[in-house]
2 protein chains.
Amino acid sequence: MADERIRVTYRLTPGAGESPEHKARDIALEQTVELPEGCYPRAIADRIVGRVERLEPTNRRRWEAVISYDPEIVSGELLSLVNLLFGNTSMKAGVLVTDLALPDAVVARFRGPAFGIEGLRERCGTRDRPLVCAAVKPVGLSAAELAERCSRFAEAGIDLIKDDHSLANQPSAPFAERVRRCQEAVDHANARTGARTRYFPNLLGPPDALAAQCDMARAAGCAGVVLAPLLVGLDIVQWLTRERNMAVLAHPALSGALLGPRHGIRPAVLYGDIFRLSGADGVIYPNAGGRFPFSAKACRAINARLRGPLGEVRPAFPIAGGGVDAEKVPYWIERYGADTIFLIGSSFYRQPDLVGAVRRVMEAVELTALRTR
Amino acid sequence: MADERIRVTYRLTPGAGESPEHKARDIALEQTVELPEGCYPRAIADRIVGRVERLEPTNRRRWEAVISYDPEIVSGELLSLVNLLFGNTSMKAGVLVTDLALPDAVVARFRGPAFGIEGLRERCGTRDRPLVCAAVKPVGLSAAELAERCSRFAEAGIDLIKDDHSLANQPSAPFAERVRRCQEAVDHANARTGARTRYFPNLLGPPDALAAQCDMARAAGCAGVVLAPLLVGLDIVQWLTRERNMAVLAHPALSGALLGPRHGIRPAVLYGDIFRLSGADGVIYPNAGGRFPFSAKACRAINARLRGPLGEVRPAFPIAGGGVDAEKVPYWIERYGADTIFLIGSSFYRQPDLVGAVRRVMEAVELTALRTR
């Protein structure tokens, strides 16, 4: 039977003197009417106020609550969904959004990724195996120096090169010059090797700047761009890229603020549902064992959520980054499977022979993918 | 002497086995080059990598660090500044941004509020006293029902009426109809009473929807709008409103995620610097003693920061909300002073006589303002 309400699961950590019943009811009111009991008409109480469907202790200090909401509150708007999930609640404490179930009719109003896993594979000309992505950096280098790095990555036959998300429009490497030079470097290498390396520049700024940057990237021949949704705006992706036919890799900058262990949104919901619904074709997240404290379990949940069924919404590519060790890529392929992009940054830059290091990883990926198929 | 570098102060809570020196250095690298020591050219090390200027214990488990950065990294871009402050660091733990000092040359590249305190006062026709703002709600009511509420607030001579930030484009009260009816209701009341109540609708959606909504609001006669920067995008305000000559009240939805007590950005920096630099003329924050756990000290710091000197950037109005009790407005005026807007929501809706309740607050504001001048 179709469930026609939006269902959000929370892990509640009530404060001193706060009852779990009160905490759950408070969320149901705060996220809808923003009024105390009795200060709204009866029809609103029945229709709009969230319903606490379930409330159970999971241990002595934590409770699991399921609250359901009328889909009218969201009405197919991504930002209304995010606001419903954690808008005002973000300013409270001890509320972790652990799961989200959307009715089919709500999902049907989101278009999601324009390319997704299939489309990104087509753009890179790869079937069946994981993709490897390098980051061109650091900020402060000139456009020519960054392009020279792109040239070496492409020479080695890597699938994707993305700008570091700190690269904006700094005087050391202004956007227009950087994108032109980097894409040219990649084009030349592709022409020499016959490979299909793709370069994705990072866009940053207000909407008019983003639109101008996206046009420049397209004119330069780029197949897609990098956007950090929490910086530029959570509902920018489709507006910016759909008519320009550009793929999008979402970068997690600033999103860590939403991922508190006791107060926030679980990474699988934020990256796996929200970023995917926003239209990102691939979603970068900090992999376990890297520079950020993400668990392997959380990462597997992100992967599953990005790839899993979600109405007609295309699956998006999980992009494991944040300090992936080039030597451990086979290890991660065995755990994450072929529909994964591995973003390798400093692990390449540590090598004196960058081209050789990339080639070794590309060979290891081919071999591991064959072995684990 | 002018300090020509950006200086960020952090409170660090190192994890088990993590040295404060390592933690500070890690931030200096992560927020700039995103590479480990030695993986970048010497010129980048000198110029771009953050410099740990100071590192001192504040108690057994906490350290205060000051790290300075080359202004080139920001280059006058708000999103680069936010990214520098907390982009990748957001995904780590135990890093609280407690202060930010920008060189004059960096501040000079931000225009900030178009109206600010002075301009909002002019639009409302009030000098010298605090302003009072009501919230029209809840979601689920029809446009006619919401307009009827606006009518009563305006009848009572309130200064401002803002949409609840949950009001988007729901079928129960579609944006165009809601804004037209609410503004008409306010216009009629103003014509009867001679008051100058202003209605600010809430805008939500991707940039094209925001632009269309802003145009509709302007055509209806609204003097400004409400935007939640963390939902719509931190760098949307000026792009959207400057040429449309609309004032902006910033709503804090989702921003609570950034305000963790041990990991995040202090409210005075987020609301007082970032929201103000973004161009918000007034900034809504959850006041102490309301529904959200903000301290009076934090609120006074937000007020000071929104109003204090910041190059040529206009002061913005602090808007104390989130459960302000109508009866306690005089108490808060004595503490916060005249350059404050008090946003009163449920405290009005609790009263059987809404018009009478608003009139009593307006009289109390006049009297307290006279007494404390």
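See the structure shown above.
Described below are features of the structure shown in this document. Owing to the predicted nature of the structure, the values given are computational and were not obtained by experimental measurement.

## Things to note about the overall build of chain A
Here's step 1: If you tally the helices and strands in chain A, you get 15 helices and 13 strands.
Here's step 2: Across its three principal axes, chain A shows a C-alpha extent of roughly 70 × 45 × 40 Å.
Here's step 3: Relative to its full complement of 373 residues, chain A shows a buried share of 64%.
Here's step 4: For chain A, the exposed surface amounts to about 13,400 Å²; the carbon and sulfur share of it is 48%.
Here's step 5: For chain A, the distance from the average position of its 48 positive side-chain charges to the average position of its 43 negative side-chain charges is 4 Å.

## Some words on the environment of A93 of chain B
All names here are of chain B.
Here's step 1: Tracing the backbone shows A93 in the loop between α3 (78-86) and β4 (95-101).
Here's step 2: With a relative accessible area of 42%, A93 lands in the partly exposed category.
Here's step 3: Considering only alpha carbons, one finds A93 and G224, 131 residues apart in sequence, at a separation of 38 Å.

## Here's the deal with the packing of aromatic side chains
Here's step 1: Within the structure shown, the criterion is met by 10 aromatic pairs over all chains.
Here's step 2: The interplanar angle of 50° and the centroid separation of 5.9 Å between the aromatic rings of F153 of chain A and F348 of chain A together place this pair among those described as tilted. Pair noted here: F153 of chain A is in helix α6 (residues 143-155) and F348 of chain A is in helix α14 (residues 346-349), with a separation of 195 residues, a long-range link.
Here's step 3: Overall, F153 of chain A belongs to the buried group, its relative accessible area being 0%.
Here's step 4: Judged by centre distance (5.3 Å) and plane angle (65°), the rings of Y271 of chain B and F275 of chain B are edge-to-face. Of this pair, Y271 of chain B and F275 of chain B are both found in helix α11 (residues 267-278), 4 residues apart, which corresponds to roughly one turn of the helix.
Here's step 5: F275 of chain B gets classed as buried once you look at its relative accessible area, which sits at 1%.
Here's step 6: What links up through ring pairs into an aromatic cluster is the set F153, F348 and Y349 of chain A.

## Some remarks on the sheet that holds strand β7 (residues 198-200) of chain A
Each strand in a sheet pairs with its neighbour through backbone hydrogen bonds, running either in the same direction (parallel) or in the opposite one (antiparallel).
All names here are of chain A.
Here's step 1: Pairing in this open sheet of 8 strands is parallel, and the strands run β7-β6-β5-β13-β12-β11-β9-β8 from one edge to the other. The open sheet has two edge strands with one neighbour each: β7 and β8 (224-227). Each adjacent strand pair in this sheet contributes to an overall mean axis angle of 25°, direction not counted.
Here's step 2: Both strand β5 (residues 131-136) and strand β6 (residues 160-163) contribute to a ladder of 4 bridges, which runs parallel. Each bridged residue has a counterpart across the sheet, and for V136 the counterpart in β6 is D163.
Here's step 3: Against the sheet, helix α7 (residues 175-193) contacts β6 and β7, and its axis sits at roughly 165° relative to β7.

## Focus on the relation of the copies chain B and chain A
Here's step 1: Each copy superposes on the other: chain B lies on chain A with an RMSD of 0.0 Å after a rotation of 180° and an axial shift of 0.0 Å. Such values leave the two copies arranged in the relation of a two-fold axis. Looking at the rotation axis and the C-alpha trace of chain B, the residue lying nearest is G233 of chain B, at 1.8 Å.
Here's step 2: Of the residues that chain B buries at the interface, 100% are likewise interface residues in chain A, meaning the two copies contact each other through the same surface.

## With respect to the nonpolar core
Here's step 1: Ranked by size, the top nonpolar core spans 243 residues in total, and within it Y271 and F348 of chain A together with Y271 and F348 of chain B carry the most contacts.
Here's step 2: Among all residues touching F348 of chain B, those that are not within four sequence positions of it are V132, A134, F153, I158, A326, L354, A357, V358 and V361 of chain B.

## Side note on the pattern of salt bridges
Here's step 1: Under the defined criterion, the tally for this structure stands at 44 salt bridges over all chains.
Here's step 2: Of the charged contacts, one joins E177 of chain A and R181 of chain A as a salt bridge, the two residues approaching to 2.9 Å between their closest N and O atoms. Note that E177 of chain A and R181 of chain A are positioned in helix α7 at a spacing of 4 residues, about one turn of the helix.
Here's step 3: A residue is classified by how much of its surface remains accessible, and E177 of chain A, at 29% relative accessible area, is partly exposed.
Here's step 4: A salt bridge links R54 of chain B to E64 of chain B; its shortest N-O distance comes to 3.0 Å. Pair noted here: R54 of chain B is in strand β2 (residues 51-57) and E64 of chain B is in strand β3 (residues 63-69), with a separation of 10 residues, a long-range link.
Here's step 5: Of the residues examined, R54 of chain B reaches a relative accessible area of 31% and is grouped as partly exposed.
Here's step 6: Here the salt bridges do not stand alone but share partners, grouping D26, E30, E34 and K92 of chain A together with R291 of chain B into one network.

## Some details on the interface of chain B and chain A
Here's step 1: In this assembly, 71 residues from chain B lie in contact with 71 residues from chain A.
Here's step 2: Counting the surface lost from both chain B and chain A, the interface buries some 5,900 Å², and carbon and sulfur atoms represent 63% of this.
Here's step 3: Looking at the side of chain B facing chain A, the largest losses of area belong to E34, M91 and L254 of chain B, adding up to 12% of the total buried there.
Here's step 4: Two residues, R291 of chain B and E30 of chain A, come together in a salt bridge whose shortest N-O distance is 2.8 Å.
Here's step 5: Joining chain B to chain A, the criterion identifies 20 residue pairs in polar contact (both at pLDDT 80 or more).
Here's step 6: At 5 residues, the largest contribution of residues to the side of chain B that touches chain A is made by α3 of chain B.
Here's step 7: Grouping the amino acids of the side of chain B that touches chain A by side-chain chemistry returns 38 nonpolar, 19 polar and 14 charged.

## Some thoughts on the pairing of strand β9 (residues 247-250) of chain A
All names here are of chain A.
Here's step 1: Every second residue of β9 is oriented toward a common face, with A247 and L249 on one face and V248 and A250 on the other, all of them buried.
Here's step 2: As paired strands, β8 and β9 are joined by 4 bridges and run parallel to one another. Within β9, the position partnered with L227 by the bridge is A250.
Here's step 3: Here 2 bridges tie β9 to strand β11 (residues 282-286), and the two strands are oriented parallel to one another. Its bridge partner lying in β11, A250 is registered against V283.

## With respect to unusual backbone geometry
Here's step 1: Residue K137 of chain A is joined to P138 of chain A through a cis peptide bond whose omega torsion reads 0°.
Here's step 2: Mapped onto the fold, P138 of chain A is located in the loop between β5 and α6.
Here's step 3: For E34 of chain A, which is not glycine, the phi dihedral falls at a positive 50°.
Here's step 4: Along the polypeptide, E34 of chain A turns up in the loop between α1 (20-30) and α2 (42-47).
Here's step 5: Its identity as a non-glycine residue notwithstanding, N245 of chain B has a phi of 60°, on the positive side.
Here's step 6: Take N245 of chain B: its relative accessible area is 41%, and that puts it in the partly exposed class.

## Details of the packing of α6 of chain A against helix α15 (residues 354-372) of chain A
Working note: a packed helix pair is described by the angle between its axes plus the distance between those axes.
Residue and element names in this part refer to chain A.
Here's step 1: Interhelical geometry of α6 versus α15 gives an angle of 40° and a closest axis separation of 8 Å. In terms of orientation, α6 lies oblique with respect to α15. Between α6 and α15 the crossing geometry is right-handed. Of α15, the residues touching α6 (which contributes R152, F153 and E155) are L354, V355, V358 and R359.

## Thoughts on the pairing of strand β13 (residues 341-344) of chain B
Residue and element names in this part refer to chain B.
Here's step 1: Burial along β13 is two-sided: I341 and L343 and F342 and I344, pointing in opposite directions, are all buried.
Here's step 2: Where strand β5 (residues 131-136) and β13 come together, 4 bridges link them in parallel fashion. Bridge pairing in β13 places V132 opposite F342.
Here's step 3: Examined bridge by bridge, strand β12 (residues 317-321) and β13 share 2 bridges and lie parallel to one another. Following the sheet pairing, I319 is matched in β13 by I341.
Here's step 4: The handedness of the β12 to β13 crossover, carried by helix α13 (residues 329-336), is right-handed.

Here is what the cut-offs are and how they apply
- Residues numbered from 1 in each chain as written.
- Chains lettered and ligands numbered in written order.
- Predicted model: local features only at pLDDT ≥ 70, side-chain atom pairs only at ≥ 80, totals over all residues.
- Heavy atoms only, no water.
- Helix = DSSP H or I, 4+ residues; strand = E, 2+ residues; numbered from the N terminus.
- Buried < 20%, exposed > 50% of the residue type's maximum accessible area, 1.4 Å probe, protein only.
- Areas by Shrake-Rupley, 256 points an atom, 1.4 Å probe, with all protein chains shown as cover.
- Lys, Arg positive; Asp, Glu negative; His and termini not counted.
- Charge placed at Lys NZ, Arg CZ, Asp CG, Glu CD.
- Phe/Tyr/Trp six-rings, centres within 6.5 Å; stacked < 30°, edge-to-face > 60°.
- Pairing = 2+ DSSP bridges.
- Axes fitted to C-alpha atoms, helices over the stretch in contact; angles between N-to-C directions.
- Contact = heavy atoms within 4.5 Å.
- Least-squares fit on C-alpha atoms with pLDDT ≥ 70 in both.
- Core = buried A, V, L, I, M, F, W, Y, C linked by side-chain atoms within 4.5 Å.
- Salt bridge = Lys/Arg side-chain N within 4 Å of Asp/Glu carboxyl O.
- Buried area = accessible area lost by both parts, 1.4 Å probe.
- Polar contact = N/O pair within 3.5 Å; in protein donor to acceptor, adjacent residues only side chain to side chain.
- Nonpolar A, V, L, I, M, F, W, Y, C, P; charged D, E, K, R; others polar.
- Parallel < 35°, antiparallel > 145°, perpendicular 65-115°, else oblique.
- Left-handed = near helix turned anticlockwise from the far one by under 90°.
- Right-handed = clockwise from strand over helix to strand, strands pointing away.

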